[in-house]
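Listed below, chain by chain, are the residues.
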Amino acid sequence: MKTKYRAWFRCFAGCDEVYELDEIIYRCRRCDSLLEVRHDTDALRQRGAQEWKELFARRWRSPSGPFSSGVWGKKEWVCPRVDDANIVSLGEGHTPLLHVPDFGGRIGVPDVHVKLCGNSHTGSFKDLGLTVLVSMVQQMRAEGKDVPAVACASTGDTSAAVAAYCARAGIRSVVFLPRGKISPAQLVQPVANGALTLALDTDFDGCMDLVQQVCSKNNIYLANSMNSLRIEGQKTVAVEICQQLGWEVPDWVVIPGGNLGNVSALGLGFEMMHELRLIDRLPRICCVQSAQANPLYLSYLKNFESFEPQTARETLATAIQIGNPVSLCKAVSTLKAFGGIAEEATEEELADACAQADRSGLFTDPHTGVALAGLIKLAGRGEIGPADRVVVISTAHGLKFAQFKIGYHWKELEGVESRRANPPVELPADYDAVVSAIFEHIEA
Ligand SMILES: *Cc1c(COP(=O)(O)O)cnc(C)c1O
Ligand SMILES: [Zn+2]
């Protein structure tokens, strides 16, 4: 089926190079910069803002078919190049935006909402990007291109999503993981989905170097976040947030950052809505890093005038233990365009923020804890005030990081005080002992 919508890769450094979306290319051939996807906005403008809103709302309610996915319900904005028949979907997107007035009230910002991007097939927001990337590979294969496999380096969540979407499409996948540095749930996902799972004696950055070498010499498709097709799927989070707020724009969005693709995706989503007049202003964005892996934060302190890659130190927020983020330049330009700021969170701060939020009924992973800790700091110093509406991006499902929760509540986490630990109470099977434990709990 022909579509009038068109998108292409363009050099992010602005050297005017453009490439087709079905080219196997991740960096500009002329200047080696990252690429970004650009859309034919004149074609998109032929539908008015109100029409887009109604179309997206209709599709959100559709019970089945490709448009019932949160990503593919916005296909014209994401990747019009893929035919409907080649869409590889696992029902991603359309995740809840939860108002958490109880948690918000305690930190002096009652209008806090959490966007639960981890309520998804593989348990993280990575599904939003990988559905686009793997669908594009499916499209290329359907057109006779030789793409024997998809590969990625990962701190865990990307590999789970790559393996799941490739398995769904019947495409071989290879994942490069730092041995012993990811959670058991993350490791078992690609194993179960039939990926070749390479556990290597190095860190994420080491895996990244290797997978790039492998993919540049063989026509294996590289699924890392420098591949800007993923960003197109991820940017739908911004659109969903506005939809869920009745097309109002939050004052702040707070997001954890590692390789820094997601913060730029968020910015792109808001920019596209603004350009097509679905919204009339932009939020401010705060990107929060683990203090153990904080190169963006340190650069922010120097007004982005310089940047030092680092060797990331161990952190509970394993998915953002990254010292040399691939999408740094995109993140910096997003923060500059959105009155953005960067923050950092220590292990104690992120663990305590998780425990606080969990008491309000959430079940937060450590990366969401990093973002929540950042919010607590901004609220504490009055940067975010009681009248502000804030959205915190939750990037993964807490169940993927059960080990972290157990460590917290059993007080086994190094460098963490576990002030809100709530371990099980072990008792004999005795009526009086049980009743007195219950009343102690109720009256506490
Ligand atoms: C990938 C990931 C991040 C970081 O996203 P970037 O785009 O690399 O900044 C944060 N949290 C979780 C759970 C992730 O899987
Ligand atoms: Zn270029």
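It should be noted that the structure appears before, not after, this text.
Here, residues in each chain are numbered from 1, in the same order as that chain's written sequence. Lettering of chains starts at A and numbering of ligands starts at 1, both following the order in which they are written. Where local features are concerned, this predicted model is filtered to residues with pLDDT of at least 70; where side-chain atom pairs are given and counted, the filter is 80 or more; whole-chain, interface and lining totals use all residues. Hydrogens are left out, water is left out, and the side-chain values use all remaining heavy atoms of the structure.

Asks: Looking at this model, I keep getting lost on the sheet that holds strand S4 (residues 97-99). Mind explaining?
Replies: Across a sheet, paired strands are connected by hydrogen bonds in the backbone, their directions being either parallel or antiparallel. The rule for pairing is simple: two strands pair if DSSP sees at least two bridges between them. Going along the chain from the N terminus, every DSSP run of H or I of four or more residues is numbered as a helix, and every run of E of two or more is numbered as a strand. Ordered by their spatial adjacency, six strands build an open sheet running S4-S5-S13-S10-S11-S12, and the pairing between neighbours is mixed. Lying at the two open borders of the sheet, with one neighbouring strand each, are S4 and strand S12 (341-345). Put simply, the sheet's adjacent strands are angled 25° from each other on average, direction ignored. Across three bridges, S4 lies against strand S5 (residues 112-116) in antiparallel orientation. Opposite His99, over in S5, you have His113 as the bridge partner. For every element, the axis is a line fit to its C-alpha atoms; helices are fit only across the contacting stretch, and the angle between N-to-C directions ranges from 0 to 180 degrees.

Asks: Teacher, can you tell me more about the nonpolar core here?
Replies: When a protein is soluble and globular, its nonpolar side chains tend to lie buried together. We call a set of buried residues a nonpolar core when its members are Ala, Val, Leu, Ile, Met, Phe, Trp, Tyr or Cys and they connect through side-chain atoms within 4.5 Å of each other. Exposed residues in this analysis have more than 50% of their type's maximum accessible area, buried residues have under 20%, and partly exposed residues fall in between, with area computed by a 1.4 Å probe over protein chains only. By size, the foremost hydrophobic cluster in this structure holds 102 residues, and its most contacted members are Trp77, Phe270 and Met273. Tallying contributions element by element places helix H5 (residues 126-142) first for this core, with eight residues. Note on contacts: a residue pair qualifies if any of its non-hydrogen atoms lie within 4.5 Å across the two residues. Once you skip the residues sitting within four places of it in the chain, Trp77 turns out to touch His39, Leu44, Trp52, Phe56, Glu232, Lys235, Val239, Met272, Met273, Leu276 and Leu278. Counting residues in each nonpolar core, the second largest holds 38 residues, with Leu116, Ala355, Leu372 and Ile384 among its members.

Asks: Looking at this structure, I do not really get the coordination of the zinc ion (ligand 2). What am I missing?
Replies: Reference values for coordination geometry: four tetrahedral donors around a metal ideally subtend 109.5 degrees, six octahedral donors ideally subtend 90 or 180 degrees. At this site the zinc ion (ligand 2) is bound by Cys11 (SG), Cys15 (SG), Cys28 (SG) and Cys31 (SG), with donor distances of 2.3 Å. Note that the zinc ion (ligand 2) binds four donor atoms; their angles at the metal cover 99 to 124°, and the shape is tetrahedral. Only nitrogen, oxygen and sulfur atoms qualify as donors, and only when within 2.8 Å of the metal (3.2 Å in the case of Na, K and Ca); with water excluded, sites may look incomplete. Motif for the zinc ion (ligand 2), donor spacing along one chain: C-x3-C-x12-C-x2-C. There is no split in this pair, since Cys11 and Cys15 are both buried. Angular criteria define each label, namely tetrahedral for four donors with all angles between 85 and 135 degrees, square planar for four and octahedral for six donors with opposite donors over 155 degrees apart and remaining angles between 65 and 115, and irregular for whatever fails these tests.

Asks: Help me understand the site of ligand 1 in this model?
Replies: Working definition: residue near molecule or strand if any one of its non-hydrogen atoms lies within 4 Å of it. As a structural note, the neighbourhood of ligand 1 is formed by 14 residues, with Lys126, Asp157, Asn259, Asn262 and Thr395 the closest of them. Within the side chain of Lys126, one N or O atom sits 2.6 Å away from an oxygen atom of ligand 1. Think of a polar contact as two N or O atoms within 3.5 Å of one another; within protein, one of them needs to be a possible hydrogen donor and the other a possible acceptor, and neighboring residues in sequence only count if both atoms come from side chains. In the environment of ligand 1, an oxygen atom lies 2.8 Å from a nitrogen or oxygen atom belonging to the backbone of Gly258. Across the shell around ligand 1, the residue classes break down as five nonpolar, seven polar and two charged. Polar here means any residue other than Ala, Val, Leu, Ile, Met, Phe, Trp, Tyr, Cys and Pro, which are nonpolar, and Asp, Glu, Lys and Arg, which are charged; Gly is therefore polar.

Asks: Looking at this structure, how should I read the packing of helix H14 (residues 347-358) against helix H15 (residues 366-380)?
Replies: The description of two packed helices rests on the angle between their axes and on the distance between the axes. Their axes nearest at 7 Å, the elements H14 and H15 cross at an angle of 95°. Of the possible angle classes, the one that applies to H14 and H15 is roughly perpendicular. Mapping the contact onto sequence places Glu349, Leu350, Ala353, Cys354, Gln356 and Ala357 in H14 and Pro366, Gly369, Val370, Leu372, Ala373, Ile376 and Lys377 in H15. Taken together, the residues of the contact of H14 with H15 sort by class into nine nonpolar, two polar and two charged. Angles are sorted into four bins: roughly parallel if under 35 degrees, roughly antiparallel if over 145, roughly perpendicular if 65 to 115, and oblique for all others.

Asks: Just checking my understanding: could you explain helix H13 (residues 328-337) for this structure?
Replies: Working note: α-helix, 3.6 residues per turn, so residues spaced by three or four point in the same direction. Of the positions making up H13, those classed as buried are Leu328, Lys330, Ala331, Val332, Thr334 and Leu335. Tucked inside the fold, the buried residues of H13 contact strand S3 (35-39), helix H9 (228-234), helix H11 (261-275), strand S11 (284-290), helix H12 (295-301) and S12. Looking one or two residues past H13, Gly339 carries a phi angle of roughly 50°, positive in sign.

Asks: For this particular structure, what's the right way to read the environment of Leu90?
Replies: Take Leu90: it is sitting in the loop between helix H3 (75-78) and S4. Residues Leu90 and Ala161 lie 71 residues apart in sequence; the distance between their C-alpha atoms is 10.0 Å. Residue contacts for Leu90: discarding those within four places in its chain leaves His121, Ala164, Tyr165 and Arg168.

Asks: Just checking my understanding: could you explain the packing of helix H2 (residues 49-60) against helix H10 (residues 236-244) for this structure?
Replies: Put simply, H2 and H10 touch, their axes get as near as 12 Å, and they point 90° apart. In terms of their interaxial angle, H2 and H10 are classed as roughly perpendicular. The residues of H10 that touch H2, namely those facing Phe56, Ala57 and Trp60, are Val239, Glu240, Gln243 and Gln244. Residue composition of the contact of H2 with H10, by class: four nonpolar, two polar and one charged.

Asks: In this structure, what is going on with the pattern of salt bridges? I would like to understand it.
Replies: Two side chains carrying opposite charge are able to pair once their charged atoms lie near each other. We define a salt bridge as a side-chain nitrogen of Lys or Arg found within 4 Å of a carboxyl oxygen belonging to Asp or Glu. All chains considered together, the criterion is met by 23 salt bridges. When the shortest N-O distance is used, the salt bridge between Arg389 and Asp111 registers 3.1 Å. One end of the pair, Arg389, is in the loop between H15 and strand S13 (390-394); the other, Asp111, is in the loop between helix H4 (101-106) and S5, with 278 residues separating them in the sequence. In this structure, Lys377 engages Glu349 in a salt bridge whose closest nitrogen and oxygen atoms are separated by 3.0 Å. Of this pair, Lys377 sits in helix H15 while Glu349 sits in helix H14; the two residues are 28 residues apart in sequence, bridging distant segments of the chain. The partly exposed category is assigned to Lys377, whose relative accessible area is 24%. Residue Glu349 is classed as partly exposed on the basis of its relative accessible area, which comes to 30%. Through salt bridges with shared partners, a single ionic network connects Glu343, Glu349, Lys377, Arg381 and Glu383.

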